[in-house]
Amino acid sequence: MDKVYSPRDIEQRIYERWERSGLFAPRGEGPGYCIVIPPPNVTGTLHMGHAFQDTIMDALTRYHRMRGEPTLWQPGTDHAGIATQMVVERQLEAEGRSRSDIGREQFVERVWKWKGESGGTIARQMRRLGASVDWSRDRFTMDEGLSKVVTEVFVRLYEEGLIYRGKRLVNWDPVLRTAVSDLEVQSSEEEGSLWHLRYPLEQGDGHLVVATTRPETLLGDAAVAVHPGDERFAHLIGQRVRLPIANRLIPIIADEYVDPTFGSGCVKITPAHDFNDYEVGLRHQLPQINIFTPDAHLNEQTPSHLQGLDRFTARARIVEELTAAGLLERIDKHTLMVPRGDRSGAVIEPYMTDQWYVRIQPLADPAIEAVRSGAIRFVPENWTKTYYEWMRNIKDWCISRQLWWGHRIPAWYDDAGRVYVGRSEAEIRARHALPDSCALRQDDDVLDTWFSSALWPFSTLGWPEDAATLKRFYPTSVLVTGFDIIFFWVARMIMMGLKFMDEVPFREVYVHGLIRDSEGQKMSKSKGNVIDPLDIVDGIDLEALVRKRTTGLMQPRLAPAIEKATRKAFPEGIDAFGTDALRFTFASLATQSADLRFDLARVGGYRNFCNKLWNASRFVLLMLEDTSTLPPVKAHAITPSVADRWIVSRLGQTLQAVDQAFAEYRFDFAATALYEFTWYEFCDWYLELSKPILQGEGFSSEAKQATRQTLHHVLEALLRTLHPLMPFITEEIWQRVRTASGAAEDAAATVMTARWPQASDWPRDAEAEADVEWIKTFVLGIRQIRGEMDISPSRKLPVLLDQVGSNDTSRLATHETYLARLAGTESIAVLPPGVTPPPSAIAVVGGMRAFVPMAGLIDPQAEASRLEKRIGKTREEIKRASSKLSNENFVRNAPPEVVAQEHARVAEFERTLTSLEEQLGRVKQLL
């Protein structure tokens, strides 16, 4: 093995070998284990959320593959209607053209061409992170097979009356001129104004005051609402007010939607431009007056002098006219949530338009029952409540989008406006006996991307033709997803799976949190805290990072702010940590929290963990050189040493913990168990305990061979256990460990398909665990004395003991070799009863006391001076921290965790002071 672990030298080579060998495809017989990947956008690049999620799915896939189950991780990408269309439209803009210039057919061809050239980026990045998906089954939501499934589902739902066309209020992007889903709307706080407007009463001189953040929408008002229990306005209910500028009379209505304590207690109702007002309007049968064109200019429903104005220009003009008419009471500064399209950045407009809808309630009821009955289990269980809340308040689903890229709606219209739905125009003509002379025009709209995504679990497995694959892998085993798309994707997959497969699409839903930065902030380009996971794997210098983040922005004006934030966040660029360190970091973060804080320092810690494993393996391989073929672990020629028995026992306990963690989706627990066993038990203790046997005198060749066997077998099993989380380094080392055991060269051999270690093969040995715990306590006690007294590690120490029990006496005799090597003892003697030891440093070792006489070990005067300086510095630290805590302003204003941390620092300083003073007292006995 190379002396230095270099992930860049091994990772790509190993992955190419795996893929070339077809190792990712399901193998074996019996029930399958299947995960379908949440399909990333074909336009996308891998972000931290993808990398985290893919790590979890890959770990599960590798774990179950090693357990001998036919395992399928189904890959694929989503056609991402809006995102992909925008990419190609920007290309056309750069050429001075638009999609309307080239027409729909050529535009769609242009998108397919782009997809062929640039659509594989995310797949290449997934390979870089070790994703063991079955690439031979890679699917795309717009490929021929999946497109047929989409059409088939649409037609069947329509024929059952579960799809219809209607006029409803939708989220409308006036730049893209299409309806968008809630998930494609990003709402954030912005500074704005709250205009208080006067609406004159029809009778008398009075007026009502209403407040609005969008004064232009008053042109579409259909009523003013008050609370039915508000006595201030009870006498006005049923009367009318005159709508300013529009000069229409609208009624004053009573509705419990109104909060009588907010503002004036009067609310303007605009059913065609506000979702809440839309519901009020339905209850009171109010007219729905649409005042906007598709690009958010005022239409013919508005006064002629305002028609054609952009909505924000119209806003300013209307405010001017209200002011001139004395109908503007006041303007308040106001912070409000502004919804913007996540692609266009345009302010989203609630807009009344004809769209296609899925009648959702008949599909939602069985989906609710599937979770209630236990057919589907959410992990953590608390997400079940969220699912129920969404499902029980579900609305019909708008599935049409005014785009050119996507699954075109299979509906045709004749000249009379009659609609025909079918799998093709030919089928429609045949079914309805329509002659060629009857002109038919296909609907221009395409389906919401989430429609095809809802079919993903069964469409990717070959529905409706491929019955064998469906039978083997459907229902899939688990869905791994973020909580932000439980409604948009998870719930719809459940509904569609039950409808078309008569079975749930997955047995369990593992809901993970969202990756935040180290301070808990959402990752965003403007904050400079977004990290490309491959930059962590391969490293990137600061200037390259700045160029990467500021080139090709949709909003170039943001470039200076992004550059500034990037330079502040990553002044040295990003080091190369390798894939395994990043994956292990993600596993350690996979708690049940909704927010997962990512810190590069943590990745650095796990890079050190990789180095530790690498170096330990080099030592083991060195110890295995020039030995004969090693027999199985249970075939030792002699009784294994206590250290050998101990590490076997501890490995068994670790395997149990890892198996339980995988079963419970607690990847953080699995990572912790593996880290602690590898670093603290195998590397720090077992390797050190093996050295006296392998490198010392007085041990038989059989004893040495027994320890070599244990080193080999434990390391080999540990590599298998680490493999799901750290696939590359474990493969590289495992190949070398395998051949070191005498196994023949085998190009097909891989840890990926090796048998998962069984905890039962590594039995518990309580006696060995107790003995090694005793050795560790003794060694740590003597090491503590060395540290406190600043004694060189190479200096051999005489040790005196008292309060020695019978078990201690036996262990001292049995384990003397370990104590001499690891504790660096020169001699160990038991004090006779009643004999007082000379001035010594003392450590409590189990039930015993260990004394190390200080005479001759230290310079008492120099040591006393050193301790007095440390005592002085420690007292200053206590004084400084205590002063901060005595400051009422600090305690009152600082975050609670900061105050708690300060208290903890004081307590630690006080413990250190006590220890230093005790040491000084012992040293002064020698002066």
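Keep in mind that what you see is a predicted model, and the values were worked out from it rather than measured.

Peer 1: Residue-level account of the overall build of the protein chain, with values.
Peer 2: Helices and strands together make up the secondary structure of the protein chain, namely 30 helices and 29 strands. Counting only C-alpha atoms and orienting by the principal axes, one finds that the protein chain spans roughly 110 × 70 × 55 Å. Here the protein chain holds 927 residues, and 54% of them are scored as buried. When contacts within the protein chain are restricted to residue pairs at least 6 apart in sequence, those whose partners lie at least 24 apart make up 78%.

Peer 1: So, the pattern of salt bridges: which residues are in play, and what are the values?
Peer 2: One pass over the full model with this rule turns up 67 salt bridges. Where arginine 62 meets aspartate 58, a salt bridge forms, and the shortest distance between an N and an O atom there is 2.6 Å. With a gap of 4 residues between them, arginine 62 and aspartate 58 both fall in helix H2 (residues 48-66), about one helical turn apart. Take arginine 62: its relative accessible area is 0%, and that puts it in the buried class. The salt bridge involving lysine 148 is made with glutamate 144; its shortest N-O contact spans 3.7 Å. Remark: glutamate 144 and lysine 148 occur in helix H6 (residues 144-159); sequence separation between them is 4 residues, near one turn of the helix. The pair lysine 148 / glutamate 144 is uniform in exposure class, with both members exposed. A network of salt bridges, in which partner residues are shared, links Glu152, Arg156, Glu159, Arg423, Glu427 and Arg431.

Peer 1: Any chance you could break down the pairing of strand E9 (residues 223-226) for me, citing the residues and the numbers?
Peer 2: The alternating pattern of E9 places Ala223 and Ala225 and Val224 and Val226 on opposite faces, both of which are buried. By the bridge criterion, 3 bridges tie E9 to strand E12 (residues 267-269) in an arrangement that is antiparallel. For alanine 225, the partnering residue across the bridge sits in E12 and is valine 267. Strand direction decides the pairing type here: E9 and strand E11 (residues 248-254), joined by 3 bridges, are parallel. Looking at E11, one finds that alanine 225 is bridged to isoleucine 253.

Peer 1: Describe the packing of helix H9 (residues 361-372) against helix H15 (residues 486-501), listing the residues and the values that go with them.
Peer 2: Relative to each other, H9 and H15 sit at 100°, their axes nearing to 9 Å. Taken as axis vectors, H9 and H15 run roughly perpendicular relative to one another. On H15, the residues that touch Leu363, Ala364, Pro366, Ala367 and Ala370 of H9 are Ile494, Met495, Leu498 and Lys499. Per-class residue counts for the contact of H9 with H15 are 8 nonpolar, no polar and 1 charged.

Peer 1: Before we move on, can you summarise helix H4 (residues 99-118) with the specific residues and values?
Peer 2: An ideal rise of 1.5 Å per residue puts 28 Å on 20 residues; H4 reaches only 19 Å between its terminal C-alpha atoms. The sharpest bend along H4 comes to roughly 80°, located at glutamate 105. Taken together, the buried positions of H4 are Arg99, Ile102, Arg104, Phe107, Arg110, Val111 and Trp114. The secondary structure elements touched by the buried residues of H4 are helix H3 (81-94) and strand E21 (446-447).

Peer 1: An account of the sheet that holds strand E8 (residues 207-212) is needed here, citing residue identities and associated values.
Peer 2: If you walk across this open sheet you meet the 3 strands as E8-E7-E13, and the pairing is antiparallel. Edge positions in the sheet fall to E8 and strand E13 (328-341), since each of these pairs with one other strand and no more. Adjacent strand axes in the sheet meet at a mean angle of 20°, parallel and antiparallel pairs treated alike. Across 6 bridges, the pairing between strand E7 (residues 185-200) and E8 is antiparallel. Counterpart to tyrosine 199 in the pairing with E8 is leucine 208.

Peer 1: Let's hear about the side chain of glutamate 508: which residues, and what values?
Peer 2: By the element assignment, glutamate 508 lies in strand E23 (residues 506-512). The buried category is assigned to glutamate 508, whose relative accessible area is 18%. Separated by 2.5 Å, the side chains of glutamate 508 and tyrosine 665 make a polar contact. Apart from the residues lying within four places of it in its own chain, the contact partners of glutamate 508 are Arg377, Ser477, Val478, Leu479 and Tyr665.

Peer 1: If you had to explain helix H17 (residues 542-550) to someone new, which residues and values would you point to?
Peer 2: Residues of H17 that are buried: Leu542, Ala544, Leu545, Val546 and Arg549. For H17, the elements touching its buried residues are helix H16 (533-538) and helix H18 (559-569). By the N-cap criterion, in which a side-chain oxygen at the helix start approaches the backbone nitrogen of a residue two or three places on, H17 is capped by aspartate 541, the distance to glutamate 543 being 3.1 Å.

Peer 1: Tell me about the pairing of strand E2 (residues 71-74), residues and numbers included.
Peer 2: Alternating residues of E2 divide into Thr71 and Trp73 and Leu72 and Gln74, and every residue in both groups is buried. Viewed along the sheet, the connection from strand E1 (residues 33-36) through H2 into E2 turns out right-handed.

Peer 1: If you had to explain the packing of aromatic side chains to someone new, which residues and values would you point to?
Peer 2: The final tally for this structure, using the stated rule, is 39 aromatic pairs. Arranged with centres 5.9 Å apart and planes meeting at 35°, the rings of phenylalanine 586 and phenylalanine 598 form a pair that is tilted. With phenylalanine 586 in helix H19 (residues 579-589) and phenylalanine 598 in the loop between strand E25 (595-597) and helix H20 (600-624), the pair connects residues that are 12 residues apart, well separated along the chain. A single burial state applies to phenylalanine 586 and to phenylalanine 598, both of which are buried. By the ring-pair criterion, three or more aromatic residues cluster together here, those being Tyr63, Tyr510, Phe662, Tyr665, Phe667 and Trp756. The residue whose ring lies beneath arginine 127 is tryptophan 135, and the NZ or CZ to ring-centre distance is 4.0 Å. It is arginine 392 that lies over the ring of tyrosine 388; its NZ or CZ is 4.4 Å from the centre.

Peer 1: Residue-level account of the nonpolar core, with values.
Peer 2: Residues Phe451, Phe598, Phe682 and Phe778 are the most contacted members of the largest nonpolar core, which totals 214 residues. Residue contributions to this core peak at 16 residues, all from helix H22 (residues 667-695). Beyond its immediate stretch of four places on either side in the chain, phenylalanine 778 contacts Val799, Leu801, Leu812, Leu819, Ala823, Thr825, Ile828, Val845 and Met848. Formed by 36 residues, the second largest nonpolar core is a distinct cluster that contains Val170, Leu218, Val224 and Val241.

Peer 1: Tell me about the confidence of the model for the protein chain, residues and numbers included.
Peer 2: On average, the protein chain scores 92 in pLDDT, and the residues at 70 or more come to 98%. Of the regions scoring below 50 in pLDDT, residues 632-637 engages in 7 contacts with residues more than four places distant in sequence or in other chains.

Peer 1: Tell me about the packing of H22 against helix H27 (residues 816-823), residues and numbers included.
Peer 2: Packed helix pairs are specified by the crossing angle of their axes together with the interaxial distance, meaning the distance between the axes. The N-to-C vectors of H22 and H27 enclose an angle of 115°; their axes lie 10 Å apart at closest approach. Of the possible angle classes, the one that applies to H22 and H27 is roughly perpendicular. Considering the relative orientation of H22 and H27, their crossing is right-handed. When H22 is examined against H27, the residues Trp685, Glu688, Leu689, Lys691, Pro692, Ile693 and Gln695 are found in contact with a partner set consisting of Thr817, Tyr818, Arg821 and Leu822. When its residues are assigned to classes, the contact of H22 with H27 shows 6 nonpolar, 2 polar and 3 charged.

Peer 1: Just give me the short version of unusual backbone geometry, but keep the residues and values in it.
Peer 2: Cis geometry is found at the peptide bond from tryptophan 463 to proline 464, where omega equals 0°. Looking at the secondary structure, you find proline 464 in the loop between helix H13 (456-459) and helix H14 (467-473). Omega for the bond connecting tyrosine 474 with proline 475 falls within 30 degrees of zero, at 0°, which places this linkage in the cis form. Relative to the assigned elements, proline 475 resides in the loop between H14 and strand E22 (476-482).

Peer 1: Before we move on, can you summarise the sheet that holds strand E10 (residues 240-243) with the specific residues and values?
Peer 2: If you walk across this open sheet you meet the 4 strands as E10-E11-E9-E12, and the pairing is mixed. Here the strands that pair on one side only, and so sit at the sheet edges, are E10 and E12. Pairwise comparison of adjacent strand axes, ignoring direction, gives a mean angle of 35° for this sheet.

Peer 1: Describe the environment of glutamine 803, and please don't skip the residues or the numbers.
Peer 2: Position of glutamine 803 among the secondary structure elements: in the loop between strand E26 (797-802) and helix H26 (806-814). Expressed as a C-alpha distance, the spacing of glutamine 803 and proline 833, which sit 30 residues apart in the sequence, is 8.7 Å. In contact with glutamine 803, other than residues within four places in its own chain, are Asp808, Gly847, Met848 and Arg849.

Thresholds applied
Residues numbered from 1 in each chain as written. Predicted model: local features only at pLDDT ≥ 70, side-chain atom pairs only at ≥ 80, totals over all residues. Heavy atoms only, no water. Helix = DSSP H or I, 4+ residues; strand = E, 2+ residues; numbered from the N terminus. Buried < 20%, exposed > 50% of the residue type's maximum accessible area, 1.4 Å probe, protein only. Contact = heavy atoms within 4.5 Å. Salt bridge = Lys/Arg side-chain N within 4 Å of Asp/Glu carboxyl O. Pairing = 2+ DSSP bridges. Axes fitted to C-alpha atoms, helices over the stretch in contact; angles between N-to-C directions. Parallel < 35°, antiparallel > 145°, perpendicular 65-115°, else oblique. Nonpolar A, V, L, I, M, F, W, Y, C, P; charged D, E, K, R; others polar. Expected span 1.5 Å × (residues − 1). Bend = angle between axes of the 7 residues up to and from the residue. Polar contact = N/O pair within 3.5 Å; in protein donor to acceptor, adjacent residues only side chain to side chain. Right-handed = clockwise from strand over helix to strand, strands pointing away. Phe/Tyr/Trp six-rings, centres within 6.5 Å; stacked < 30°, edge-to-face > 60°. Lys NZ or Arg CZ within 6 Å of the ring centre and 35° of its normal. Core = buried A, V, L, I, M, F, W, Y, C linked by side-chain atoms within 4.5 Å. pLDDT = per-residue confidence, 0-100. Left-handed = near helix turned anticlockwise from the far one by under 90°.

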